[in-house]
Amino acid sequence: MSFKPVLLWTDVVIWLMLVGLCLYVLKVRRDASLRATWAKVFATPAAMASAVVLGLMLVLTLADCLHFRRALPAVADGAVAFDTRTESVLDVALSKLITTRENSYSRPLATHGFVKETVPRKAGEKPALDANGAPIPPPRAFPRLRHGGAGLTDPDADWGRDVAERLMWGSLGGGAVALLAWLLLRRRLGGAQGEAWHAAWVTVTIVAVLAGWAVALSWAQGYHVLGTDRTGNDVLYMALKSVRTAFVIGSLATIATLPFALAFGIAAGYFKGWVDDVIQYVYTVLSSVPNILLIAACVLMVQVFLDQHPELFETGLERADLKIFLLCVILGLTGWAGLCRLLRAETLKLRELEYVQAATAFGVGPWRIMRRHILPNLMHLVLITTVLEFSSLILYEAVLSYVGVGVDPSMHSFGGLINQARVEMSRDPLVWWSFAAAFVFMVAIVLAANLFADAVRDAFDPRARVARPVKLARAGATR
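Looking only at helix α16 (residues 414–424), the buried set comprises F414, G415, L417, I418, A421 and E424. Each buried residue of α16 sits inside an arc of 170° when the element is viewed along its axis, so together they form one side.

Across all of its chains, the model carries 17 aromatic pairs by this definition. Relative to F452, the ring of W38 lies with its centre 6.4 Å away and its plane at 25°, an arrangement referred to as stacked. Of the two residues, W38 sits in helix α2 (residues 32–42) while F452 sits in helix α17 (residues 433–460), which places them 414 residues apart along the sequence. For W38, a relative accessible area of 13% gives the class buried. For the pair W432 and W433, a centre-to-centre distance of 5.6 Å together with 80° between the ring planes defines the contact as edge-to-face. With relative accessibility at 2%, the residue W433 sits in the buried group. Each residue in the set Y24, W38, F42, F452 and F460 is aromatic and connected to the rest through ring pairs, giving one cluster. One Lys or Arg, R351, reaches over the ring of Y270 and ends 5.4 Å from the middle of that ring.

Turning our eyes to something else, we now look at the nonpolar core. The biggest cluster of nonpolar side chains holds 49 residues, and the ones touching the most others in it are V41, V243, F414, F452, V456 and F460. Of all the secondary structure elements, the ones that give two or more residues to this core are α2, α3 (45–63), α8 (235–271), α15 (379–402), α16 and α17. Looking at which element gives the most residues to this core, the answer is α17, with 15 residues. Beyond its immediate stretch of four places on either side in the chain, V243 contacts M57, L60, T61, F414, F441 and I445. One finds V13, L252, I295 and I330 within the second-largest nonpolar core, a separate group that totals 27 residues.

Further remarks concern the packing of helix α10 (residues 291–308) against helix α11 (residues 316–334). It is the contact of α10 with α11, at a shortest axis distance of 10 Å, that shows an interaxial angle of 150°. The angle between the axes of α10 and α11 places the two elements in the roughly antiparallel class. In the packing of α10 onto α11, the handedness of the crossing is right-handed. Two secondary-structure elements touch here, α10 through N291, L294, I295, C298, V299, V302, Q303, L306 and D307 and α11 through R319, L322, K323, L326, L327, I330, L331 and T334. A class-by-class count of the residues in the contact of α10 with α11 yields 11 nonpolar, 3 polar and 3 charged.

Our next topic: the sheet that holds strand β2 (residues 67–70). The strand order across the open sheet built from 3 strands is β1-β2-β3, with neighbouring strands paired in antiparallel fashion. The two strands at the open ends of the sheet, each matched to only one other strand, are β1 (3–6) and β3 (87–88).

The final tally for this structure, using the stated rule, is 16 salt bridges. The partner of R69 in a salt bridge is E314, and the shortest N-O contact between them spans 2.7 Å. Of this pair, R69 sits in strand β2 while E314 sits in the loop between α10 and α11, and the two are 245 residues apart along the sequence. Owing to a relative accessible area of 8%, R69 belongs among the buried residues under this scheme. Take E314: its relative accessible area is 53%, and that puts it in the exposed class. R166 is paired through a salt bridge with D162; the nearest N and O atoms lie 3.4 Å apart. Residue R166 and its partner D162 are both found in helix α6 (residues 155–189); the two are separated by 4 residues, about one turn of the helix. Here R166 and D162 have matching classes, each one buried.

Moving on: the side chain of T37. Within the secondary structure layout, T37 lies in helix α2. For T37, a relative accessible area of 13% corresponds to the buried category. Among residues more than four places away in sequence, those in contact with T37 are A459 and F460.

Any region with low pLDDT has predicted coordinates that should not be read closely. For the chain, the mean per-residue pLDDT works out to 84, and 91% of the residues sit at or above 70. For the chain, per-element mean pLDDT is lowest for helix α18 (residues 462–478), which scores 45, and highest for α3, which scores 92. Low pLDDT, under 50, characterises residues 466–479; the stretch is placed with 1 contact to residues that sit more than four places away or in other chains.

Criteria and thresholds
- Residues numbered from 1 in each chain as written.
- Predicted model: local features only at pLDDT ≥ 70, side-chain atom pairs only at ≥ 80, totals over all residues.
- Heavy atoms only, no water.
- Buried < 20%, exposed > 50% of the residue type's maximum accessible area, 1.4 Å probe, protein only.
- Helix = DSSP H or I, 4+ residues; strand = E, 2+ residues; numbered from the N terminus.
- Arc of directions from axis to C-beta.
- Phe/Tyr/Trp six-rings, centres within 6.5 Å; stacked < 30°, edge-to-face > 60°.
- Lys NZ or Arg CZ within 6 Å of the ring centre and 35° of its normal.
- Core = buried A, V, L, I, M, F, W, Y, C linked by side-chain atoms within 4.5 Å.
- Contact = heavy atoms within 4.5 Å.
- Axes fitted to C-alpha atoms, helices over the stretch in contact; angles between N-to-C directions.
- Parallel < 35°, antiparallel > 145°, perpendicular 65-115°, else oblique.
- Left-handed = near helix turned anticlockwise from the far one by under 90°.
- Nonpolar A, V, L, I, M, F, W, Y, C, P; charged D, E, K, R; others polar.
- Pairing = 2+ DSSP bridges.
- Salt bridge = Lys/Arg side-chain N within 4 Å of Asp/Glu carboxyl O.
- pLDDT = per-residue confidence, 0-100.

Rendered as structure tokens:
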């Protein structure tokens, strides 16, 4: 076999979550009530546009969750050895960005380096002398990039025309994808939810044109669309690789909070008494400890364990992946208090309703009542909170990586880009593109998640469905 599949901890969790999502979609298709509620979510233009962005980010994440190690050339005895580097399907798709590595910093779409270097003399060339006969130091100039605009004979004269031509071809490619999307959606664009589908089509068009520009500039001429960092790595590649880290943190850490929040919240609200007192005491104490300090202490203990047991990992990526997996678990263990408090309050109300009282009177056990009658009526709160927490945890990861207790430095993340930009933003001349790339990608993901979360909350929260018409009716009565 020319490659060896590698299964990381977070890969397993992401694919299991995808299976769970598919099962939930099947449940929604069979349940008329859930189907109608989700139809309200996707009837909102903002939700449809956000779903397109999040869907694209999910595709990038899944492509980056298929890992393998290439086989090395066969040795004399026929034994097969594999490369120590672990790659993913996304790495193969972005191989052009990996191989076009430069020596150091370069601006976006630049053809020359960002920092002047000494121009070496040609072989046998003697140094020039000044008026006093002293040798003149070699001149310093911006070095020509090895890959950025490598096909240009005269970069100063041809750069503008070449970039414009590449942008035109990228726009044509993006326009072709947009036309194909319009042909597939033309019936829905004129339907009852035409406004929402129109927003989705506009989003697809914008993404397709941007992707066309990136492909035309990067793959055809070797330009670095978002520049390069200190070691010459393409910033666009690092930003795209950071999407997986953001999705892993946002989804896995959110899922990790659910078992504790559901178990403790329902138990505290249903049993009350000393059970409620103990659980309230636990999450009150947990909420009193600063999260950053608690998470930092746990992460440092995990770091000590990983440093003392290097034999557990074949590659550096496996070590970094286990660290981010344990970080998600730590975020789940320390972040369940808010949802637990919310579920406790809702359970206190549900246990007093007639159908729960009737089940108790007929001798139904408390565990069955909580499983059959309480839990299903809390799932809308769980869904709303899960979607809302997704974006906040992405921002949390950036903060943790910035202070040095986040993901492993060898793993790409938005927090790592921002931490790297902290030094670059203080130098002169200013290196701004790493920070700008992390900022744009984070804003796109977080904004899309927040807009989608708002639509989910409005559709699934009964108070949002009832309060809004009442508010409009009062406004009409006032007029």
